[in-house]
Amino acid sequence: MALPQAGAEEENEAPQAEARQEARKERTARVDQAGLLRRTFAVEVLACVRCGGRRRVLAYVMAYA
């Protein structure tokens, strides 16, 4: 049985690290909460129930613990 060489591990890890960095660069923009609900449950939360018009976001509430 052959023992692994010290230099062989470093060579194998280098391409994997480069692949991880490339994957981070290609991420898409985040989807807002309304978009996630629409995609997951097929519910349009920004549509008015009474008139069918489009609601708009007035403010975002940020809570910090």
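Details of the structure are given in the entry above.
Quantities reported herein were computed from a predicted structural model and do not represent experimental measurements.

Engineer: Any details on the overall build of the chain? Residues and values, ideally.
Structural biologist: Along its length, the chain carries 2 helices and 0 strands. If you sum the accessible surface of the chain, you get close to 6900 Å²; carbon and sulfur atoms cover 54% of it.

Engineer: Go over a nonpolar patch on the surface with me, naming the residues and quoting the values.
Structural biologist: Together, Val57, Tyr60, Met62 and Tyr64 give the surface a local cluster of nonpolar side chains, amounting to about 580 Å² of exposed area. In this fold, Tyr64 is placed in the segment after α2 (33–41).

Engineer: Give me unusual backbone geometry: which residues, what numbers.
Structural biologist: Although it is not a glycine, Ala42 adopts a positive phi angle of roughly 55°. By the secondary structure assignment, Ala42 is in the segment after α2. Residue classification places Ala42 among the exposed residues on the basis of a relative accessible area of 68%.

Engineer: Describe in detail the pattern of salt bridges, supporting the description with residues and values.
Structural biologist: Taken as a whole and judged by the stated rule, the model has 2 salt bridges. Taking the shortest distance from any N to any O, the salt bridge between Arg38 and Glu44 comes out at 2.8 Å. Its relative accessible area of 39% is what places Arg38 among the partly exposed residues. For Arg54, the salt bridge is made with Glu44, and the minimal N-O distance between the two is 2.5 Å. Note that Arg54 is positioned in the segment after α2 and Glu44 in the segment after α2, a separation of 10 residues in sequence.

Engineer: Give a detailed account of the state of the cysteines, specifying residues and quantitative values.
Structural biologist: The full count for this structure, using the stated rule, is 0 disulfides. Cys48 takes part in no disulfide bond, and the closest cysteine sulfur, belonging to Cys51, lies 3.7 Å away.

Conventions used here
- All chains use their own residue numbering, which begins from 1 and follows the written sequence.
- Where totals are concerned, whole chains, interfaces and linings use all residues; where local detail is concerned, this predicted model gives features only for residues with pLDDT of at least 70, and gives and counts side-chain atom pairs only at 80 or more.
- Note that the side-chain values use all heavy atoms of the structure and ignore hydrogens as well as water.
- In this description a helix means any DSSP run of H or I spanning at least four residues, a strand means any run of E spanning at least two, and both kinds are numbered starting from the N terminus.
- Per-residue accessibility takes into account occlusion by the displayed protein chains alone, with areas from the Shrake-Rupley method and a 1.4 Å probe.
- Residues enter patches when their relative accessible area tops 30% and they take part in no salt bridge; the joining distance is 9 Å for like charges and 5 Å for the nonpolar side chains Val, Leu, Ile, Met, Phe, Trp and Tyr.
- When a carboxyl oxygen of Asp or Glu is within 4 Å of a side-chain nitrogen of Lys or Arg, the pair counts as a salt bridge.
- Type-normalised accessible area, obtained with a 1.4 Å probe on protein chains alone, sets the label of each residue: buried when under 20%, exposed when over 50%, and partly exposed for intermediate values.
- The disulfide criterion used throughout: a pair of cysteine sulfur atoms within 2.5 Å.

Limitation: the analysis is restricted to geometry and does not speak to function.
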